[in-house]
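# Observations on the three-dimensional arrangement
Each chain is listed here by its residues.
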Amino acid sequence: MARVVVDPITRIEGHLRIEVEIKDGKIIDAYSSGTMVRGFELILKGRDPRDAWAFTERACGVCTTVHALASVRTVEDALGIAIPPNAELVRNLMFCAQYMQDHVVHFYHLHALDWVDVVSALKADPKKTSEIAQSISNWPKSSPKYFSDLQKKLTAFVQSGQLGIFANGYWGHAAYKLPAEVNLIGVAHYLEALEWQKEMVKVHTILGGKNPHPNYLVGGAPCAVNIDDANALNSERLAMLSKLFEDGQEFIEKVYLPDLLAVASFYKDWGGIGGGLTNYLSYGDLPANGYADIAKFKFPRGIILNRNLAEVIPVDGHDVEQIKEFVTHSWYDYSVGDNTGLHPWSGETKLNYTGPKPPYNHLDVKAKYSWLKTPRWKGNPMEVGPLARLLVAFASGNQEVKEVVTSTLKTLNVPVAALFSTLGRTAARGLETKLIATWAKEFLAQFIANIKNGDTRMFNNEKWEPSTWPEEAKGVGMTEAPRGALAHWIVIKNEKIDNYQLVVPSTWNASPRDDKGNMSSYESALIGTPVKDPEKPLEILRTIHSFDPCIACAVHLYDEKGKYIHQIQTF
Amino acid sequence: MNENPVMPGVTINENSVTYWEEMKRQGYSRRDFLKFAAWISAFIGIESSGVGKVVRAMETKTRIPVVWFHFQECTCCSESFIRSSHPIVADVVLDKISLDYTETLQAAAGKQAEEALHSTMKKYKGEYLMMVEGSVPTDDGGVYCCIGGRTALDIVKEAAEGAKAIVAWGSCASNGCIQSSRPNPTGATPIHKIISVKPIINVPGCPPIAEVMAGTIVHILTFDRIPQLDGLGRPKAFYSRRVHDTCYRRPNYDAGLFVNSFDDENAKRGYCLYKMGCRGPMTYNSCGVIRWNNGVSYPIQSGHGCIGCSEAHFWDNGPFYQRLASFPGFGIETTADDIGLALGAVTVAGIAAHAVSTNIKKRKLINAEVENGQSEEKGGE
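Since this is a predicted model, take the numbers as computed values, not measurements. (Residues numbered from 1 in each chain as written. Chains lettered and ligands numbered in written order. Predicted model: local features only at pLDDT ≥ 70, side-chain atom pairs only at ≥ 80, totals over all residues.)

## Notes on the overall build of chain B
- Along the backbone of chain B there are 15 helices and 11 strands.
- In chain B, which comprises 381 residues, the proportion classed as buried is 56%. (Helix = DSSP H or I, 4+ residues; strand = E, 2+ residues; numbered from the N terminus. Buried ≥ 20, exposed ≤ 12 C-beta atoms within 10 Å, placed from the backbone.)

Below you can see the structure in the form of structure tokens.
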């Protein structure tokens, strides 16, 4: 039996360490640890709730915007603020742009090198490469010359001996299965996607002033509409939004999705690996009729238990019996005992590192071993992310989702069960990107129609002044980050933040075992994964990357009775 | 030609590659190359007579090894860096440096990633550039950030020893940013407070503008020396002007035209956001000049005040929507060095002086706004 440690897990956001036990070429035990914390919630205490979006947005710069969105919703929920329809549409447009950019970057720059062997691309026949490329898509950059030029550049790069980001990869590993030509296509699109992604985010720059970390606003959106002024959203800005979404959709339809299917067709065995948990949670998002009308969300809200797609169970963030967090294996103390779960509104955590003194070789996995806490829904572990969203939508009867899922399964000639896997997760991400690119255009059309009809409202200032607020208020704001279900909880007292907590997607997925010893998503998905060469555990990266880890710490810290209490969560 | 140690079976060309050679290889013409050199020159503020020097430098320099660390951060700096917008930057600048260690993008993980790091640190001792994204927690022996079982504190000290120079990306590495704001629970510390033996370039911002990041790297590569820095270690080229002094809405300030509430009639006309809490008057950055994401917009242009994200301790300078009671206003030729570090504790006379120097006719109006603002703030507390 071999203990294999992968630390740092690269091509992710944040600091993640994986330790596994391997026996007879398969993983039989796994431990996931977040190894960095910062201290967000102690910092948030006492601040102006209207500022919280800016603080929490800094939880993550990769899925930038999602915490800001959860935060403004949380404050609006607490204070009873309804935002104008245009502001909801602006938030939806920013949400869509975020997914379109982030999922493409994940596929090409964070995940692809687990499947694409860069060195093998050097041996590809450019003519054959061109034929394959043209057979799967009508994307124009596909001539033999294009691939031959790229190959020459790549060869020269490799021959320089300075391999930069490609140095020391698992090139030549037996688990790489793509033909050289498909590898060359992968490298070409890796570079094209790098160019493309910086265009997509310009949606955020127009509506939020910058990216990463665009601006949000409690009560609406900061960008004013005035079709007769140069200093507001006018026809030029709207035309630019339209072009950005058109171009974005074209790349997704003609590059990302064909590549995804092509790669998947060579790795169908991964449709039977990495399934892990059997419960899925989605908070839902993209309100088509305002955030209060949950039934009209493009992504429905709900829970699936035991992979039973015949039933979707409701989830409620206000119900203190539903979502609770545990610290049995996390570096914190609970005053009520470390085996009792606490709802985020009444949660308490005292930061207490009891791990090995650095430098260390192994964590003490029988004790506490992570800075992540362990969230549970009614005691159940949940997978969150693109697969959970897709399954909840599928089970809720969403026709658009049903169509893309069914046709993809048919194209790949795999059974429905293949969804519950490493490959299923990666495919779900692509399929939802396709849908979102379509929905973005609907939202933009609606936005323009509103303006045409004379509605330019973007902000509700009724509760802007703190003097209009109640002495005490509590709120929950939910969203779907690209990586999964994200929620913030706030308690406002005397115009200030009294308590603020984040339960983030990678906390659900990457957390350590709970009070009963049950695993969360990462650990569970690794069990049974084959590892051909423990010295080069490529297969571990495949399954972990299929979740798109985002581990930057969102840290829950607050003060209770004069004593600093820290609740740390990792994202 | 030698056997390649990290990619067996692939030979290494002993002759190192210059920018020009590499651009040729990537299909760029000599004309493209000269345009690129001219753009870079303009970008980093070199007069046209100096373009020749840039061209020569780029023809003869090899790719400098870079190790890029991630500590207490959110990766917004890396994300901003890959947004670098000039057409050639993604193709060329990314390839001009040899990014031998970066947890965000590198193919290798775990042991192989650490080997790549140590191989570069050994082979290029004294030559590699060290780039740091994130602050370093120093409380409790540094247990709040560990990579490969070692503390960030340990890693940063070791890597700094052999580095030629250090670039501290973003507000986290250059001033501690959010995790160091009140009450700084993990002892988050910027790099310059840990390392004192190496030149350190602070490139603050949350994140910094992509082209500022690229421009800083290009400056180092082209001239083989670090850019001119101000007293806070920031490249003068990008941090010597206040956002307020380069803001296209500045004439509205001078004319006393202010937004009074988000989305009001004045907001729809793009008036000054000073009364909405804009931190432009105390923030040194290039947002008003370079703008964001290839010049598309910047926060003020999109209707939200500047939150001052490139200034030290900006998180504790809030609430963000409360207008500045006063700020120094000694004219647009004044740099941060002249004003010093007194930004958080400026005198009331400051804004009056600013008003006088900007627009005599509107002096009364602006003074009235300021006094009104001060009394409102007092009333609010």
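## Points about helix 6 (residues 110-123) of chain B
- Given a rise of 1.5 Å per residue, 14 residues ought to cover 20 Å, and the 20 Å separating the end C-alpha atoms of helix 6 of chain B matches this to within 8%.
- Here helix 6 of chain B has its buried residues at B:Gly110, B:Gln112, B:Ala113, B:Ala116, B:Leu117, B:Thr120 and B:Met121. (Expected span 1.5 Å × (residues − 1).)

## A few points about the packing of helix 10 (residues 386-395) of chain A against helix 11 (residues 399-412) of chain A
All names here are of chain A.
- Viewed as axis vectors pointing N to C, helix 10 and helix 11 meet at an angle of 115°, and their least axial separation amounts to 8 Å. Between helix 10 and helix 11, the angle falls in the class roughly perpendicular. Of the two elements, helix 10 crosses helix 11, and the hand of that crossing is left-handed. Taking contact as the criterion, the partners of Leu390, Ala393 and Phe394 in helix 10 are, on helix 11, Val401, Lys402 and Val405. (Axes fitted to C-alpha atoms, helices over the stretch in contact; angles between N-to-C directions. Parallel < 35°, antiparallel > 145°, perpendicular 65-115°, else oblique. Left-handed = near helix turned anticlockwise from the far one by under 90°. Contact = placed C-beta atoms within 7 Å.)

## Describing the confidence of the model for chain B
Residues and elements named next belong to chain B.
- Looking at chain B as a whole, the pLDDT averages 80, with 67% of positions reaching at least 70.
- For the stretch residues 340-353, pLDDT sits under 50, and the model shows 20 contacts to residues farther than four places along the chain or on other chains.
- In the model output, the complex is listed with pTM 0.89 alongside ipTM 0.94. (pLDDT = per-residue confidence, 0-100.)

## Quick word on the packing of helix 10 of chain A against helix 12 (residues 422-452) of chain A
Residue and element names in this part refer to chain A.
- In contact at an axis separation of 8 Å, helix 10 and helix 12 are set at 70° when each is read in the N-to-C sense. Considering the angle they form, helix 10 stands roughly perpendicular to helix 12. Crossing geometry of helix 10 relative to helix 12 is assigned as left-handed. Packed against helix 10, whose contacting residues are Pro386, Leu387, Arg389 and Leu390, the element helix 12 presents Gly424, Arg425, Ala428, Arg429, Leu431 and Glu432 at the interface.
- Residues that form the contact of helix 10 with helix 12 fall into these classes: 5 nonpolar, 1 polar and 4 charged. (Nonpolar A, V, L, I, M, F, W, Y, C, P; charged D, E, K, R; others polar.)

## Focus: the interface of chain A and chain B
- Taken together, the contacts link 84 residues of chain A with 82 residues of chain B.
- Among the elements of the structure, strand 1 (2-6), helix 1 (40-44), helix 2 (52-57), helix 6 (144-159), helix 7 (180-200) and helix 8 (202-208) of chain A are those that each provide at least two residues to the side of chain A that touches chain B.
- Here the residues of the side of chain A that touches chain B are counted per class, giving 41 nonpolar, 26 polar and 17 charged.

## Thoughts on the nonpolar core
- Counting residues in hydrophobic clusters, the biggest one holds 276 residues, and the most contacted among them are A:Leu93, A:Cys96, A:Val203, B:Val67, B:Val132, B:Val156 and B:Ala168.
- Two domains each provide a minimum of three residues to this core, namely domain 2 (63-239) and domain 3 (244-380) of chain B.
- Those residues in contact with B:Ala168 that sit more than four places away from it in its chain are B:Val132, B:Ala173, B:Ser174, B:Pro190, B:Ile191, B:His192, B:Ile200, B:Ile201, B:Asn202 and B:Val203. (Core = buried A, V, L, I, M, F, W, Y, C linked by C-beta atoms within 7 Å. Domains from an automatic or database assignment.)

## Here's the deal with the sheet that holds strand 13 (residues 484-493) of chain A
All names here are of chain A.
- Read across the sheet, 3 strands follow the order 12-13-14 without closing on themselves; strand pairing throughout is antiparallel. Edge positions in the sheet fall to strand 12 (472-481) and strand 14 (496-503), since each of these pairs with one other strand and no more. Looking at each pair of strands side by side, their axes are set apart by 15° on average, direction ignored.
- Where strand 12 lies against strand 13, 10 bridges are found, and the strand directions are antiparallel. From the neighbouring strand, Met478 faces strand 13, where its bridge partner is Ala487.
- Helix-sheet contacts for helix 3 (residues 66-79) involve strand 12 and strand 13, and the interaxial angle to strand 12 is about 150°. (Pairing = 2+ DSSP bridges.)

## Here's the deal with helix 9 (residues 210-223) of chain B
- Taking 1.5 Å of rise per residue, the 14 residues of helix 9 of chain B would be expected to cover 20 Å, and the 20 Å separating its terminal C-alpha atoms lies within 8% of that figure.
- Among the 14 residues of helix 9 of chain B, 13 are classified as buried, and the element is accordingly described as predominantly covered.

## Remarks on the pairing of strand 2 (residues 16-23) of chain A
Residues and elements named next belong to chain A.
- Within strand 2, 6 of the 8 residues are buried, which leaves the element mostly enclosed by the surrounding structure.
- Relative to strand 2, strand 1 runs antiparallel, the two being bridged by 5 bridges. Residue pairing across strands places Val4 opposite Val20, the latter belonging to strand 2.
- As paired elements, strand 2 and strand 3 (residues 26-34) share 8 bridges and run antiparallel to each other. Note that in strand 3 the partner of Ile18 across the bridge is Ser32.

## Here we look at the confidence of the model for chain A
- When the pLDDT values of chain A are averaged, the result is 93; 96% of them are 70 or greater.
- When the criterion is pLDDT under 50, residues 553-571 of chain A qualifies, and its contacts beyond four places in sequence or with other chains add up to 96 contacts.

## Concerning the pairing of strand 3 (residues 65-70) of chain B
Residue and element names in this part refer to chain B.
- In terms of residue burial, strand 3 counts as a mostly covered element, since 6 of its 6 residues are buried.
- Residues Pro65, Val67 and Phe69 of strand 3 are buried on one face, and the alternating residues Val66, Trp68 and His70, pointing to the opposite face, are buried as well.
- Two elements, strand 3 and strand 5 (residues 128-133), share 5 bridges in a ladder whose sense is parallel. Bridged to Trp68 within strand 5 is Met131.

## What to know about the environment of B:Thr246
Residue and element names in this part refer to chain B.
- Tracing the backbone through its elements, the reader meets Thr246 in the loop between helix 10 (236-239) and helix 11 (250-254).
- Linking Thr246 and Val289, residues 43 residues apart in sequence, is a C-alpha distance of 6.4 Å.
- With sequence-adjacent residues up to four places away left out, Thr246 is seen in contact with Arg241, Gly288 and Val289.

## Considerations on the sheet that holds strand 3 of chain B
Residue and element names in this part refer to chain B.
- Spatial ordering of the open sheet is given by 4-3-5-9-11, a layout of 5 strands whose pairing is parallel. Each end of this open sheet is capped by a strand with a single partner; those strands are strand 4 (98-102) and strand 11 (200-203). Going from strand to strand, the sheet's axes swing by 20° on average, the running direction of each strand aside.
- Here strand 9 (residues 163-169) pairs with strand 11 via 4 bridges, running parallel. Within strand 11, the position partnered with Trp169 by the bridge is Val203.
- Relative to strand 4, helix 6 is tilted by about 130°, and along the sheet it contacts strand 3, strand 4 and strand 5.
- Across the sheet, helix 7 (residues 152-161) lies against strand 3, strand 5 and strand 9, angled at about 165° from strand 3, the strand it touches most.

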